[in-house]
Structure formats: structure tokens, C-alpha cells
Amino acid sequence: MSIKVAIVGGAGRVGSNAAYALQCGGIVRDIALVDVNHDAAQGEALDLLHGSSIIADQRIHAANLSEVADADVVCITAGSRRKPDESRLDLINRNVSIFRGILDGLRDGGLSRDAILFVVSNPVDVLTRLAVEYLDWNPQRVMGLGTVLDTARFRSMIAEAKNLPPTQVKALILGEHGDSMSPIWSSATVGGIALTELLTPNEQQTIFERTKGSGAEVIRRKGGAGYAVGLSILEVIHSIALDSRQILPVSTRMSGQYGLQRVCLSIPTVVGREGVVGYHDIKLWPKELAGLQRSSQSLDQTFAQLK
């Protein structure tokens, strides 16, 4: 079933790249770009519209928060970057303030309770939990991008390091989208072959450390990430639109999985038209399970410090 997607922050790098990916994907019916800079959103929408006759029969347009009450998926990419000498917590609280304003606008605009809230803004795990609790939204219909992008980077870098076909590399990053993320080597394979047989422990650590620092590296080199995050957003939204029930490491509210409660973080999650359809509690090595627990503790502490 074709769906309408509203991208809040659609004039920014991430939002506009996501819109372009969704246009090229040709699956969603309607792409609405919402941004505080409405002129820029109109410009992005017009640029995309110019190519619509080449790609797919879609409606692409700029909109206000009050005009997307009928959206099936609201993808929130809006946020701000850290200022010079600003602490991480100050940045988080500034983004929380922006995020609450967006949630207020969606609620006041009459957003359907059947809509799926898809959080991309950072800190994604903290804001995903905030969306559930602040709006009292059904947790099944709230998810964050979580470690979907980290997982894509991880697989691509494994493939590059060993000259492997990237699409055949199956490996996960779970936990927090942040410093406490965990690489899951216990189930990592390429073409059915365990990657632990192809990579030494030193190679594994080197690849993971580069993956973990990749976001900062892209920001340093070109100012911000866009293409891969756009494709990661597409992967999640297409699983919703097509009800394909892909197993993706999106961030969702824990209710006992791996012994975790309330916190939002990434574990293997079945994503379909109703949002979170279920989970796969794969068997983890003890150190991998401990990594999830560290992520949970770190995110709980951050959430408790929000203003």
C-alpha cells in the first residue's frame, strides 16, 4: 500500500537527501517537506518535482506541520549542530527543545494516532524515548533510525577491508547510536562464512573503530553526512510501506528484551506497516550483551539529565 511521508527538517542536508532517496525508490505516494525555512523547503520540493517525470508518479511538495495530519509516516530529521565550546549535554538540551516544539506542532495539527513517528534527529535514542513519553504515543508506532546507519557503514567497511561484495556482508551494530554502540561479531557472516574466520581480532577492532568514528570523519571532511543516511531512512520507510517485515536495528522502547526496560535503543526489530511488528532476540556473546547493558545505562543517565 502506498503511503504519505512527511519529512520534518526537509530542507536540511539529511532531510533533502532522504527525500531524494525516496523519490528514486519510487515506492511512497506522497513526499511532504516541512521546514522552519519554508522557502528552502519549497525550493527543495521544486527541484525534486522537476525530476518526477523521469522517476515515478509521486506528489512532492512543501508543507507546514498543520498540513501533514494525514501522513502515514512522519520522519523527523530537524536539529542543530554543536556550537564552539558547547557541552554535549547543552547540545542535547537544545535539540530536545527543538524536538518538543515539533512534537507540539504535530499534536496541535491533529496528527493521526495511527501515524508512525520515525526519529532521525540526534541524540536519536533519547529523542525516540521522548517522543513516546511526551506524546504518550503507542511505542509500537515510534522508532528511531538507531544503528541502521552504523550497521550500513560497518558492513561497507568490512567489505572494503577484505575486498568482499558489500551486499553479501551481514553484520550488525546494536545498542546506542553513539559512543557505547556494540559490534556483533558473533553472527557476522559473508556468503554464509563467519567473518571471525576471515578477520583477525586486530582487524575486527580497526574496522569497528573506523565505523564508530565515521560520522565525525564525514562531518570533518565535508560538513555533514547525507547520502548513506538518506538510503538508511529509505530502507526503514520501504519496509513500512511494503510491509516487508525486514529485520532492522531501529531504536525502539524496550519492554523486557535482553532484560532492558523503558530505554530506547537498537536490537533486531521486525519493521512493517504497523510499525514495530516484533523482535528477534538473537543469542549474543556475553561481552555483546554487556555492551547493550552499557548502552542502556548511558542512555538512562542522559535522559535523566534532560531539562
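Small disclaimer: the values here were computed from a predicted structure and weren't measured.

How would you summarise the UniProt feature "binding site: substrate" (unreviewed entry) in the protein chain if you had to cite specific residues and measurements?
UniProt records the feature "binding site: substrate" (unreviewed entry) for Arg82, Arg88, Asn122 and Arg153 in the present numbering. In this view, Arg153 contacts Thr211, Ser214, Gly215 and Ala225; residues no more than four positions away in its chain are not counted.

Before we move on, can you summarise the environment of His50 with the specific residues and values?
Its place among the elements puts His50 in helix α2 (residues 38-50). The class for His50 is exposed, based on a relative accessible area of 56%. Put simply, His50 and Ile60 are 10 residues apart on the chain and 9.8 Å apart in space, counted from C-alpha to C-alpha.

Describe the pattern of salt bridges, with residues and values.
Using the criterion set out here, one finds 16 salt bridges in the structure. Put simply, Arg273 and Asp72 hold a salt bridge, and the shortest N to O gap is 3.0 Å. Residue Arg273 is located in the loop between β13 (269-272) and β14 (275-279), and its partner Asp72 is located in the loop between β3 (59-63) and β4 (73-76); the two are separated by 201 residues in the primary sequence. Classification of Arg273 as buried rests on a relative accessible area of 15%. Residue classification places Asp72 among the buried residues on the basis of a relative accessible area of 19%. Here Arg221 ties to Glu217 by a salt bridge, and the two come within 3.1 Å at their closest N and O atoms. With a gap of four residues between them, Arg221 and Glu217 both fall in helix α8 (residues 214-222), about one helical turn apart. Each of Arg129, Glu133, Arg253 and Asp300 takes part in one network of salt bridges that share partners.

Scoring rules and cut-offs
- Residues numbered from 1 in each chain as written.
- Predicted model: local features only at pLDDT ≥ 70, side-chain atom pairs only at ≥ 80, totals over all residues.
- Heavy atoms only, no water.
- UniProt positions renumbered as here; feature names shortened; annotations may be inferred.
- Contact = heavy atoms within 4.5 Å.
- Helix = DSSP H or I, 4+ residues; strand = E, 2+ residues; numbered from the N terminus.
- Buried < 20%, exposed > 50% of the residue type's maximum accessible area, 1.4 Å probe, protein only.
- Salt bridge = Lys/Arg side-chain N within 4 Å of Asp/Glu carboxyl O.

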